[in-house]
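Spelled out, the chains give:
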Amino acid sequence: MDNQVYLDSLEKLNGKVAIVTGGSQGIGLQTTIYLAQLGASVYVCTLDNPQNQDGILAAKDELRLCQDTTGTIEFHELDLATVSTSRRSAETLKSKIHKENSGRLDIIVANAGTAFQTKDILSVDGVERTFAVNCLGHFVFITTLLDMVESTADLRGEARIVITSSHGHKLAKNLDYTSLTSEVPLDGSSYFHLFGAFQRYCDSKLACLYLALELDRRLKEQNLKNVFVNAVHPGNSPLTNIGNGEQPLVGYLLQRCIKRLLGLVMRHSTKDAAKTQVWLSSSEMVKENHISGEYWAPKWSWNQDFTGCDQAELSKLAKDRDEWRKLWDFCEDDIENFSASLPI
């Protein structure tokens, strides 16, 4: 589907405020560009480093080529690796949005992610680092901003939260919360450890699904039916930076060779891979059809061009509501333990 045809099929977002975590590279970068082209004021929440700043500049350059948009792109620092930095970033962003956009927050796209982290060191909160970034950090970030999302939905009629998961969740195992808080000495010292790293990535994407589905369930329980929460599989694009430099045995040249090989079978462009989460963020059909608490994925033509998107099937594990609640409780307990450790 032609990019302009795709954009013309979506609701204009003039006046709306959006957040995209990890919105400076890969699929997140294209998500940022699309939302801004549709007219949204987009806060790109990501680590502050030269690569991400270059990505934001590239997004702004592309936005300038779009003549009929009121959209803007602004950087906001976010480190999802710890509870404290995730919370501090969200609180600082709330103050910024109150000042710049009268407290309006229409859209959160929780897109940021990492993969192939070694397990020889846990996060400072004592959690496996892939899970810490992909799930726990987003849990803290989203729940800290949730009152602003809810008030926007109440005032403006709706708000949306989209959490990026993956079909990799179908390869996940039942989440072992003891394992999530246990180190593996010397992990990453053998190529065989890549299998464990990939498994942790799949497990983290199952956790992202649990987060989206349990958040939706809790909002509906509170009768907050105009906050639409969905999860998404964006597609299989090798042209992302996820996992880059995370395995000590995988150097730059080997990493490039692997990505070239993956490109032979993973043929989705980042522009196409971003389209489903942008659709869930902006299409009028989401509100009209009460699409919430669902898992969506793109549809592809025979030559791997994006043709639209639709609800996708969850794995058996992903449908287990008890597991949704366990994930939520684990995240809450970890935050409480972190807060209790702070000096009074």
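Residues numbered from 1 in each chain as written. Predicted model: local features only at pLDDT ≥ 70, side-chain atom pairs only at ≥ 80, totals over all residues. Heavy atoms only, no water.

*Asks:* For the overall build of the protein, give the residues involved together with the corresponding values.
*Replies:* The secondary structure content of the protein amounts to 11 helices and eight strands. Burial statistics for the protein: of 344 residues in total, 55% are counted as buried. Pairs at least 24 apart in sequence give 80% of the contacts found in the protein among residues at least 6 apart. Surface exposure of the protein reaches about 15,500 Å², of which carbon and sulfur atoms provide 53%. (Helix = DSSP H or I, 4+ residues; strand = E, 2+ residues; numbered from the N terminus. Buried < 20%, exposed > 50% of the residue type's maximum accessible area, 1.4 Å probe, protein only. Contact = heavy atoms within 4.5 Å. Areas by Shrake-Rupley, 256 points an atom, 1.4 Å probe, with all protein chains shown as cover.)

*Asks:* Residue-level account of the packing of helix H5 (residues 129-156) against helix H6 (residues 193-221), with values.
*Replies:* Packing of H5 against H6 leaves a shortest axis separation of 9 Å and a crossing angle of 20 degrees. The angle between H5 and H6 places the two elements in the roughly parallel class. Judged by the twist between their axes, the crossing of H5 over H6 is right-handed. Residue-level inspection shows Thr130, Phe131, Asn134, Cys135, His138, Phe139, Ile142, Leu146 and Glu150 of H5 in contact with H6, the latter providing Arg200, Tyr201, Ser204, Lys205, Ala207, Cys208, Leu211, Leu215 and Leu219. Tallied by class, the residues present in the contact of H5 with H6 amount to 11 nonpolar, four polar and three charged. (Axes fitted to C-alpha atoms, helices over the stretch in contact; angles between N-to-C directions. Parallel < 35°, antiparallel > 145°, perpendicular 65-115°, else oblique. Left-handed = near helix turned anticlockwise from the far one by under 90°. Nonpolar A, V, L, I, M, F, W, Y, C, P; charged D, E, K, R; others polar.)

*Asks:* Got a sec to walk through a negative patch on the surface? Specific residues and values, please.
*Replies:* On the surface, Asp329, Glu332, Asp333 and Glu336 cluster together into a patch of negative charge. Within the secondary structure, glutamate 336 sits in helix H11 (residues 321-341). Judged by its relative accessible area of 52%, glutamate 336 is exposed. (Patch = residues over 30% accessible without salt bridge, like charges linked within 9 Å, V, L, I, M, F, W, Y side chains within 5 Å. Salt bridge = Lys/Arg side-chain N within 4 Å of Asp/Glu carboxyl O. Lys, Arg positive; Asp, Glu negative; His and termini not counted. Charge placed at Lys NZ, Arg CZ, Asp CG, Glu CD.)

*Asks:* Can you lay out the packing of aromatic side chains for me, pointing to particular residues and giving the numbers?
*Replies:* Per the stated rule, a full pass over the model turns up seven aromatic pairs. Through pairs of rings, three or more aromatic residues link up here, namely Tyr6, Tyr34, Trp300 and Phe306. When the ring centre of tyrosine 6 is taken as origin, the NZ or CZ atom of lysine 275, which lies over that ring, is 5.2 Å away. (Phe/Tyr/Trp six-rings, centres within 6.5 Å; stacked < 30°, edge-to-face > 60°. Lys NZ or Arg CZ within 6 Å of the ring centre and 35° of its normal.)

*Asks:* Could you give me a rundown of the packing of helix H2 (residues 26-37) against helix H9 (residues 275-282), with the residues and numbers involved?
*Replies:* Orientation of H2 relative to H9, taken along the N-to-C sense of each, is 40 degrees, at an axis distance of 9 Å. When the axis of H2 is compared with that of H9, the two are oblique. Both H2 and H9 take part in a crossing whose hand is right-handed. Here Ile27, Thr31, Tyr34 and Leu35 of H2 lie close against H9, whose contacting residues are Lys275, Gln277, Val278 and Ser281. Broken down by class, the residue content of the contact of H2 with H9 amounts to four nonpolar, three polar and one charged.

*Asks:* Account for H5, with residues named and values stated.
*Replies:* Because each turn of an α-helix spans 3.6 residues, side chains separated by three or four positions end up pointing in the same direction. In H5, a bend of some 45 degrees at leucine 146 exceeds every other bend along the element. For H5, a buried count of 20 out of 28 residues is recorded, marking the element as mostly surrounded by other parts of the structure. The residue sitting at the N-terminus of H5 and contributing the capping side-chain oxygen is glutamate 128; that oxygen lies 2.9 Å from the backbone nitrogen of threonine 130. Downstream of H5 by a residue or two, glycine 157 has a phi angle that is positive, lying close to 105 degrees. (Bend = angle between axes of the 7 residues up to and from the residue. Polar contact = N/O pair within 3.5 Å; in protein donor to acceptor, adjacent residues only side chain to side chain.)

*Asks:* Lay out the confidence of the model for the protein in plain terms, naming residues and giving numbers.
*Replies:* Put simply, the protein has an average pLDDT of 90, and 88% of its residues get 70 or more. Ignoring residues within four places in sequence, the model shows residues 261-265, a span with pLDDT below 50, making two contacts including any to other chains. (pLDDT = per-residue confidence, 0-100.)

*Asks:* Which residues make up the environment of isoleucine 161, and what are the values?
*Replies:* Within the secondary structure, isoleucine 161 sits in strand S5 (residues 159-164). In this structure the C-alpha to C-alpha distance between isoleucine 161 and valine 109, which are 52 residues apart in sequence, comes to 6.0 Å.

*Asks:* So what's going on with the pairing of strand S7 (residues 294-300)? Residues and values would help.
*Replies:* Of all seven residues in S7, five are buried, a share of seventy percent or more. Summarising the sheet, strand S6 (residues 227-232) and S7 pair through three bridges and their orientation is parallel. Along S7, the bridge assignment pairs alanine 231 with tyrosine 295. When S7 meets strand S8 (residues 306-311), the two strands line up antiparallel, connected through five bridges. (Pairing = 2+ DSSP bridges.)

*Asks:* Describe the pairing of strand S3 (residues 72-77), listing the residues and the values that go with them.
*Replies:* Strand direction decides the pairing type here: strand S2 (residues 41-46) and S3, joined by six bridges, are parallel. Within S3, the position partnered with serine 41 by the bridge is threonine 72. In terms of handedness, the path from S2 via helix H3 (residues 50-64) over to S3 forms a crossover that is right-handed. (Right-handed = clockwise from strand over helix to strand, strands pointing away.)

*Asks:* I'd like to hear about the sheet that holds S7, residue by residue, with values.
*Replies:* Read across the open sheet, the eight strands follow the order S3-S2-S1-S4-S5-S6-S7-S8; overall the sheet is mixed. Looking at strand neighbours, the two that pair on one side only are S3 and S8, the edges of this open sheet. Pairs of neighbouring strands in the sheet enclose a mean axial angle of 20 degrees, with direction left out of account. In the sheet, strand S1 (residues 17-21) pairs with S2 via five bridges, with the strands oriented parallel. Within S2, the position partnered with isoleucine 19 by the bridge is tyrosine 43. Against the sheet, H5 makes contact with S1, S2, strand S4 (107-110), S5 and S6, and its axis sits at roughly 160 degrees relative to S5, the strand it touches most.

*Asks:* Give a detailed account of the pattern of salt bridges, specifying residues and quantitative values.
*Replies:* Side-chain pairing between opposite charges can occur once the charged atoms of the two side chains come close. Using the criterion set out here, one finds 17 salt bridges in the structure. In this structure, arginine 64 engages aspartate 61 in a salt bridge whose closest nitrogen and oxygen atoms are separated by 2.5 Å. Placement of the pair is arginine 64 and aspartate 61 together in helix H3, with a separation of three residues, close to one helical turn. For aspartate 61, a relative accessible area of 42% translates into the label partly exposed.

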